[in-house]
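So you can see what is in the structure, the chains are spelled out below.
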Amino acid sequence: MNKILIVSLALLVNYLNSEENKINLYELYKELHANPELSYQEIETSNKLAVILKNIGYEVTQNVGGNGVVALLKNGEGKTVMLRADMDGLPVEEKTRADFASKKKAIDSEGNEVFTMHACGHDVHMSVLIGAAEFLFNNQSLWQGNLLLVLEPAEEVSGGARNMIKDGLFTRFPRPDYNLALHVSASLQAGKVGYLPGWAMANVDSVDITVKGLGGHGAYPHTTKDPIVLSANIISQLQTIVSRQIAPTEPAVVTVGSIHGGTKHNVIPNEVKLQLTLRSYTDEVRNETISSIERIVRGSAIAAGLSEEYYPVVEIKDEYTPAVYNNPDLVDKLQKSFSESLGENNVTKVSPVMGGEDFGMFGRVEPIIPTALFWLGAVNEKVYEKSLRDDIPLPSLHSDLFLPDAEPAINTGVTAMSNAALDLFNFN
């Protein structure tokens, strides 16, 4: 690695507070936090960030794959490095009591009026990307190549990455040599970053199962085919997929998150609705889990004496999020870069999680682009220490109480992201 400059956290904080830096990232964060927009509705957010990037000096293209924004800076011959941040908020009513807390409402995809909140840290992600964008623009003497900045919509519903790729992200613009993103952590102190090679986040599938039956009077169950009893049997059998059908060394989750059926105490209904979430890392485990579900529901219906027209219907929702696989060689480069710019004490190896993040899609387009996502600590140091001392759980991502310690988190994120980009541009 031909290191030209290590930009330390202290140096970068000085830069962020200097006259050279025209954007107050913490004020930008607060504005973004107070004005979240739901997936596929990020119009004001994308317009705002597009204007900021244009004013910095980037070549900006809007409406890529929906509300996506792509900003390109060409700086001579060299590699292309992609930095990504996501833009959408969640239908959550914020209860943090911050003076910049969101009070916004929106109409969701079902036509319901809901509160909105940046409960997953996308406001931090966007602020970090803007900070890195300005720093790298103002320091073009330190690198050569193409810097590709991607502001992704609809990440929370796993539509943004897919749509941007379909809309020519890797054909209309220079194809990256590296894809890089970060995600705030609700369990890591602000000022620290977490890294891990290999599987980092899970495949995510949503499955709907309609369990059919022959309804009737609850006093005469022998004249019916009870879908509630059948559903209970199916739910029990589903638990054997992970415990008895998937190898113990392969992580997987099958969770029934919703069951609805029936209208009255003494009425056996005609059907019951189940909703499942599936988690895995490898495609093999994902496919085995889905095929096992289909086999179990069919077999349970046969055992209950139902004819084929009454077999349960299994629908795999079009919301698939592929697992995030962190390229080990790229992670090794990042770990060294983070240690040099932030200090080894602020860089820690973390464990994979079963959460989903559609950033993984960017690393699945053939030919495969080395891709990595790292974790950015977001928990206030005193809050973190108190949680350990008093055994108090910290608010998780998507919680209505999740509020990052934004200023140190953003400073750390800009430092880590900027240095990583510099190193990747200059790596031979």
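Just so it is clear, the structure is predicted and the values come from calculations on it, not from any experiment.

Engineer: Looking at this model, I keep getting lost on the overall build of the protein. Mind explaining?
Structural biologist: Helices and strands together make up the secondary structure of the protein, namely 10 helices and 18 strands. By its C-alpha atoms, the protein is 80 × 45 × 45 Å across when sized along the principal axes. Burial status across the protein gives 52% buried among its 428 residues. Total accessible area on the protein is roughly 19,000 Å²; 49% of this is exposed by carbon and sulfur atoms.

Engineer: Where do I start with the pairing of strand 3 (residues 80-86) in this structure?
Structural biologist: Every regular strand shows the same layout, with side chains that alternate between the two sheet faces. With respect to burial, strand 3 is a largely interior element, seven of its seven residues being buried. For strand 3 and strand 6 (residues 145-152), the ladder comprises seven bridges, and the chain directions are parallel. Note on strand 6: the bridge partner recorded for methionine 82 is leucine 148. Strand direction decides the pairing type here: strand 3 and strand 7 (residues 178-189), joined by four bridges, are parallel. Across the sheet, the residue bridging to arginine 84 is alanine 181, located in strand 7.

Engineer: How do you make sense of the sheet that holds strand 1 (residues 59-64) when you look at a structure like this?
Structural biologist: The eight strands are arranged 1-2-6-3-7-18-8-17 in an open sheet whose pairing can be described as mixed. The open sheet terminates on both sides in strands that have one partner only, identified here as strand 1 and strand 17 (347-349). Neighbouring strand axes in the sheet, compared pairwise and without regard to direction, differ in orientation by 25° on average. Pairing of strand 8 (residues 193-195) with strand 17 involves three bridges; the strand directions are parallel.

Engineer: Please clarify how unusual backbone geometry should be interpreted in this entry.
Structural biologist: The omega torsion across glutamate 366 and proline 367 is -10°, close enough to zero to call that bond cis. The topology assignment puts proline 367 in the loop between strand 17 and strand 18 (371-379). Positive phi values are uncommon outside glycine, yet asparagine 63 reaches one of about 60°. Among the secondary structure elements, asparagine 63 is positioned in strand 1. Phi is positive for alanine 154, which is not a glycine, with a value near 55°. With relative accessibility at 1%, the residue alanine 154 sits in the buried group.

Engineer: In this structure, what is going on with the sheet that holds strand 14 (residues 271-280)? I would like to understand it.
Structural biologist: Within a beta sheet, neighbouring strands are joined by backbone hydrogen bonds and run either parallel or antiparallel to one another. As summarised here, the arrangement of the four strands in space is 12-14-10-15, forming an open sheet in which the pairing is antiparallel. In this open sheet, the two strands that pair with only one neighbour each are strand 12 (252-261) and strand 15 (313-316). Here the average twist between neighbouring strands, direction ignored, is 20°. Examined bridge by bridge, strand 10 (residues 203-212) and strand 15 share four bridges and lie antiparallel to one another. The residue bridging isoleucine 209 from the neighbouring strand is valine 314, located in strand 15. Together, strand 10, strand 12 and strand 14 form the strand contacts of helix 6 (residues 227-245), whose direction differs from that of strand 12 by roughly 170°.

Engineer: Could you clarify how one ought to interpret helix 9 (residues 381-390) in this entry?
Structural biologist: Note: α-helices contain 3.6 residues per turn, so residues at a spacing of three or four share the same orientation. Two or three places before lysine 382, at the opening of helix 9, asparagine 380 has a side-chain oxygen 2.9 Å from that residue's backbone nitrogen. One or two residues past the end of helix 9 sits aspartate 391, with phi positive at roughly 55°.

Engineer: Where do I start with the pattern of salt bridges in this structure?
Structural biologist: When the charged atoms of two side chains with opposite charge come close together, those side chains can pair. Within the structure shown, the criterion is met by 16 salt bridges. Of the charged contacts in the structure, one is a salt bridge between aspartate 400 and lysine 95, with a shortest N-O distance of 3.8 Å. You can see aspartate 400 sitting in the loop between helix 9 and helix 10 (406-426) and its partner lysine 95 sitting in the loop between strand 3 and strand 4 (105-107), a full 305 residues away along the chain. Using a relative accessible area of 23% as the deciding quantity, one classes aspartate 400 as partly exposed. A salt bridge links aspartate 332 to lysine 336; the shortest N-O distance between them is 3.2 Å. Taken together, the residues span about one helical turn, with aspartate 332 and lysine 336 both in helix 8 (residues 328-342) at a distance of four residues. Taking relative accessible area as the criterion, aspartate 332 reaches 38% and is therefore assigned partly exposed.

Engineer: Which parts of the structure should I look at to understand the packing of helix 2 (residues 25-34) against helix 4 (residues 122-138)?
Structural biologist: For any two helices packed against each other, the geometry comes down to the angle between their axes and how far apart the axes lie. Helix 4 packs onto helix 2 with a crossing angle of 145° between their chain directions and a minimal axis gap of 9 Å. At the point where helix 2 passes helix 4, the crossing takes the right-handed sense. Touching Leu25, Leu28, Tyr29, Leu32 and His33 of helix 2 are Asp123, Val124, Met126, Ser127, Ile130 and Gly131, all from helix 4. Counted by class, the contact of helix 2 with helix 4 contains seven nonpolar, three polar and one charged residues.

Engineer: Got a minute to help me understand the nonpolar core in this structure?
Structural biologist: A general tendency of soluble globular proteins is for nonpolar side chains to be buried together. With 65 residues, the main nonpolar core has Leu53, Tyr58 and Leu83 as its most contacted residues. With 11 residues, the top contributor of residues to this core is helix 10. Among residues more than four places away in sequence, those in contact with tyrosine 58 are Leu53, Ala71, Leu72, Leu73, Ala133, Leu136, Phe137, Leu147 and Leu149. Listed in part, the 23 residues of the second largest apolar core include Val64, Phe170, Phe362 and Trp375.

Criteria and thresholds
- Residues numbered from 1 in each chain as written.
- Predicted model: local features only at pLDDT ≥ 70, side-chain atom pairs only at ≥ 80, totals over all residues.
- Heavy atoms only, no water.
- Helix = DSSP H or I, 4+ residues; strand = E, 2+ residues; numbered from the N terminus.
- Buried < 20%, exposed > 50% of the residue type's maximum accessible area, 1.4 Å probe, protein only.
- Areas by Shrake-Rupley, 256 points an atom, 1.4 Å probe, with all protein chains shown as cover.
- Pairing = 2+ DSSP bridges.
- Axes fitted to C-alpha atoms, helices over the stretch in contact; angles between N-to-C directions.
- Contact = heavy atoms within 4.5 Å.
- Polar contact = N/O pair within 3.5 Å; in protein donor to acceptor, adjacent residues only side chain to side chain.
- Salt bridge = Lys/Arg side-chain N within 4 Å of Asp/Glu carboxyl O.
- Left-handed = near helix turned anticlockwise from the far one by under 90°.
- Nonpolar A, V, L, I, M, F, W, Y, C, P; charged D, E, K, R; others polar.
- Core = buried A, V, L, I, M, F, W, Y, C linked by side-chain atoms within 4.5 Å.

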